[in-house]
Amino acid sequence: MPIVVNTNAAATTAAFNLSKNHANLSKSLARLSSGNRITQPAEDAGGLAVAYKLDSSMKRTEAVLNNHQNALSFLQVQDGALESVGTIVSRMAELRTMAADITKNSGDIENYSKEFRELQDQLTQIRLEKFNGISLFAVSGGTTNSGTLDSDTGAIYRYRDENGVSIQGTYTAFSRKLMTHPSGIDADGNIDLNVGNLSFVLSIGAITDGGNGNSYNLMGLATSGTTQATAVNDSNNVPVINDAGFIANITKVSISQFTNVIQKIADARAENGAEQQRIQQSYDLHSTNLVNLEAAHGRIMDVDVALESTRFAKHNVLVQASASMTAQANQLTQVALTLLQ
């Protein structure tokens, strides 16, 4: 190889290697400092695209899990209200049983009726209960005082009365739909949350000596739940429905009507509990999915610290060696000067 002054190929090669090793060292530093295997799209464009979609799916799954928890809270508050309704109706039935005592005079029965009317008023107020501004129970038709509901006018109810007689009929069921899948598509997953139809649950049918052929519920409303019933007296001019729309005399409701209402309350609470259990199962499923999504995202994006530390050490040594050799190569042209002396 000739000795020249203008060209120093060895120094150029050493400088190129120094630049390449320094770039690799910088990449290792970026990966170790950020914890990411991919710090720039050019390093793995396909992997970055997959990781981006996985990250979006993770965030949606986290949001869905929050929605599950909120739905559980809604149902728990609703169950608390249904528990109060059950306690009130049980007290009403107790009052009706005591009013049937042959030793009670009309004044005693009127005193029982006073508490009975107050309990009707309390049931009416419970019907208006909300959770974060969302109605727990349907108020009238297919709407509540917090928005339109999904409705099924052909829903079937089945249960047995206190005599073991099977009862079956139809009623309007109201619900709100909880989307349980991150895709937001109905077919991928949804749960209907029951919005209690208290007009049906508390319905007792016709009242003795009602006089107008209407059916009522224990809130003092007509079965439709749209308007309060007008005042009605029996054949002896004794109020059956008072001016406020409430059932005025406790003896006009039979004990069997109370037991049927209690059965429907039990059914409503059972449905509430079943929905809570289903939501919990869906929550567990998507919690597992979230863990697996995080693992898949980590395999693409997370740096292997042990491996990258080894690479960092190698690149660090190569940078120092390249710098040293570049300095040595720059001295090669000094040989030509020696010959000229």
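These lines cover the structure that appears in this document, whether it is placed above or below. In this convention, every chain numbers its residues from 1, walking through the sequence in written order. Where totals are concerned, whole chains, interfaces and linings use all residues; where local detail is concerned, this predicted model gives features only for residues with pLDDT of at least 70, and gives and counts side-chain atom pairs only at 80 or more. The side-chain quantities take in all heavy atoms of the structure and omit both hydrogens and water.

Moving on, we get to the overall build of the protein. A tally of helices and strands in the protein yields seven helices and 11 strands. Each residue is assigned to one of three classes by its accessible area relative to the maximum for its type, calculated with a 1.4 Å probe on protein chains only: buried under 20%, partly exposed between the two thresholds, exposed over 50%. In the protein, which comprises 341 residues, the proportion classed as buried is 38%. When checking whether two residues touch, look at their non-hydrogen atoms; a contact exists if any pair is within 4.5 Å. For the protein, restricting intrachain contacts to residue pairs at least 6 apart in sequence, the fraction spanning at least 24 positions comes to 64%. Surface exposure here means Shrake-Rupley accessible area, sampled with a 1.4 Å probe, where a residue is shielded only by the protein chains that are shown. Of the roughly 18400 Å² of accessible surface on the protein, 53% is carried by carbon and sulfur atoms. Every helix listed is a DSSP run of H or I at least four residues long, and every strand listed is a run of E at least two residues long, numbered separately from the N terminus.

So, about the packing of helix H1 (residues 9-34) against helix H6 (residues 305-329). Orientation is described by lines fitted to C-alpha atoms, with helices fitted over the stretch in contact, and by angles between N-to-C directions that extend from 0 to 180 degrees. Axis separation between H1 and H6 bottoms out at 8 Å; the angle between their running directions is 155°. On the basis of the axis angle, H1 is roughly antiparallel to H6. Where H1 crosses over H6, the two elements pack in a sense that is left-handed. Counted by class, the contact of H1 with H6 contains 15 nonpolar, 10 polar and three charged residues. An angle counts as roughly parallel when it lies under 35 degrees, as roughly antiparallel when it exceeds 145, as roughly perpendicular when it falls between 65 and 115, and as oblique in every other case. Note on convention: near helix rotated counterclockwise from far helix by under a right angle means a left-handed crossing. Clockwise means right-handed. Here the nonpolar group is Ala, Val, Leu, Ile, Met, Phe, Trp, Tyr, Cys and Pro; Asp, Glu, Lys and Arg are the charged ones; every other residue, Gly included, is treated as polar.

With that out of the way, let us pick up the packing of helix H2 (residues 45-99) against helix H5 (residues 255-301). Between H2 and H5, whose axes approach to 8 Å, the crossing angle comes to 165°. In terms of their interaxial angle, H2 and H5 are classed as roughly antiparallel. Handedness of the H2/H5 crossing: left-handed. Considering only residue class, the contact of H2 with H5 consists of 27 nonpolar, 17 polar and eight charged.

With that settled, consider helix H3 (residues 106-126). In an α-helix, one turn spans 3.6 residues, which is why side chains three or four residues apart end up on the same side. With 21 residues, H3 should reach 30 Å at 1.5 Å per residue; the first-to-last C-alpha distance of 30 Å fits that figure. Regarding H3, the residues found buried are Ile-109, Tyr-112, Ser-113, Phe-116, Arg-117, Leu-119, Gln-120, Leu-123, Thr-124 and Ile-126. The inward-facing, buried residues of H3 abut H2 and H5. For H3, the capping residue at the N-terminal end is Asn-105, with a side-chain oxygen 3.0 Å from the backbone nitrogen of Gly-107. A helix is expected to span 1.5 Å multiplied by its residue count minus one. Here a polar contact is recorded for every N or O atom pair within 3.5 Å, except that within protein the pair must consist of a potential hydrogen donor and a potential acceptor, and residues adjacent in sequence are included only if both atoms are side-chain atoms.

All right, on to H6 then. Compared with the 36 Å implied by 1.5 Å per residue over 25 residues, the 35 Å span of H6 between its first and last C-alpha is a close match. The complete set of buried residues in H6 reads Glu-308, His-315, Val-319, Ser-322, Thr-326 and Ala-329. Among the structural elements, H1 are those in contact with the buried residues of H6. Near the N-terminus of H6, the side chain that reaches the backbone nitrogen of Ala-306, with its oxygen 3.2 Å away, is that of Asp-304.

In short, shape yes, function no, at least from these values alone.
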